[in-house]
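Reading the structure
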Amino acid sequence: MHLFRPRHGTQVTHLAIAEHEDVVAAIAARDPDAAAYAMRRHILLSGERFRRLFDEAKGADGMV
């Protein structure tokens, strides 16, 4: 998350927190399938956010 804050403000932080809350809620509900789904979703969405950040950084450096 620290990689995103300087460049993308708090929006990314709020998205990640909401995803974490989904995981915690599923665990609290003792629903392992929902917890696994929420965690998998968070990891995939985080990966997409990181990929965009790194792609933007490559483009800013003139690298292709």
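Please refer to the structure placed before this passage.
Now for a description of the structure that goes with this document. (Residues numbered from 1 in each chain as written. Predicted model: local features only at pLDDT ≥ 70, side-chain atom pairs only at ≥ 80, totals over all residues. Heavy atoms only, no water.)

1. Details of the overall build of the protein chain
- The number of helices and strands found in the protein chain is three helices and zero strands.
- Each helix and strand of the protein chain, ordered N terminal to C terminal, gives the series α-α-α.
- Across the 64 residues in the protein chain, those meeting the buried criterion constitute 20%.
- Of the contacts made within the protein chain by residues no fewer than 6 positions apart, 52% connect residues no fewer than 24 positions apart.
- When the accessible area of the protein chain is evaluated, it comes to approximately 4900 Å², of which 61% is carbon and sulfur surface. (Helix = DSSP H or I, 4+ residues; strand = E, 2+ residues; numbered from the N terminus. Buried < 20%, exposed > 50% of the residue type's maximum accessible area, 1.4 Å probe, protein only. Contact = heavy atoms within 4.5 Å. Areas by Shrake-Rupley, 256 points an atom, 1.4 Å probe, with all protein chains shown as cover.)

2. Details of the environment of alanine 26
- Its place among the elements puts alanine 26 in helix 2 (residues 11–28).
- Those residues in contact with alanine 26, other than ones at most four positions away along the chain, are Asp31, Ala34 and Ala35.

3. Considerations on the side chain of glutamate 19
- Take glutamate 19: it is sitting in helix 2.
- Here glutamate 19 is in contact with Arg41, His42, Leu45, Ser46 and Arg49, once residues within four sequence places are set aside.

4. Some words on the environment of leucine 15
- For leucine 15, the position within the fold is in helix 2.
- Overall, leucine 15 belongs to the partly exposed group, its relative accessible area being 38%.
- For the pair leucine 15 and serine 46, spaced 31 residues apart in the sequence, the C-alpha separation amounts to 9.3 Å.

5. Observations regarding the pattern of salt bridges
- Across all of its chains, the model carries one salt bridge by this definition.
- Put simply, arginine 49 and glutamate 19 hold a salt bridge, and the shortest N to O gap is 2.8 Å. Of this pair, arginine 49 sits in helix 3 (residues 32–60) while glutamate 19 sits in helix 2, and the two are 30 residues apart along the sequence.
- A relative accessible area of 7% means that arginine 49 is categorised as buried.
- The exposure class of glutamate 19 is buried, given its relative accessible area of 6%. (Salt bridge = Lys/Arg side-chain N within 4 Å of Asp/Glu carboxyl O.)

6. Description of helix 2
- In a regular helix each residue adds 1.5 Å, so 18 residues correspond to 26 Å; helix 2 covers 26 Å between its end C-alpha atoms and thus fits that length.
- The set of residues buried in helix 2 consists of Val12, Thr13, Ala16, Glu19, Val23 and Ala26. Projected down its long axis, helix 2 shows its buried positions confined to an angular sector of 155°, all on one face. Turned more than 90 degrees off the buried face of helix 2, the exposed positions are Gln11, His14, Glu21, Val24 and Ala28.
- Looking at the residues trailing helix 2, positive phi occurs at arginine 30, about 55°. (Expected span 1.5 Å × (residues − 1). Arc of directions from axis to C-beta.)

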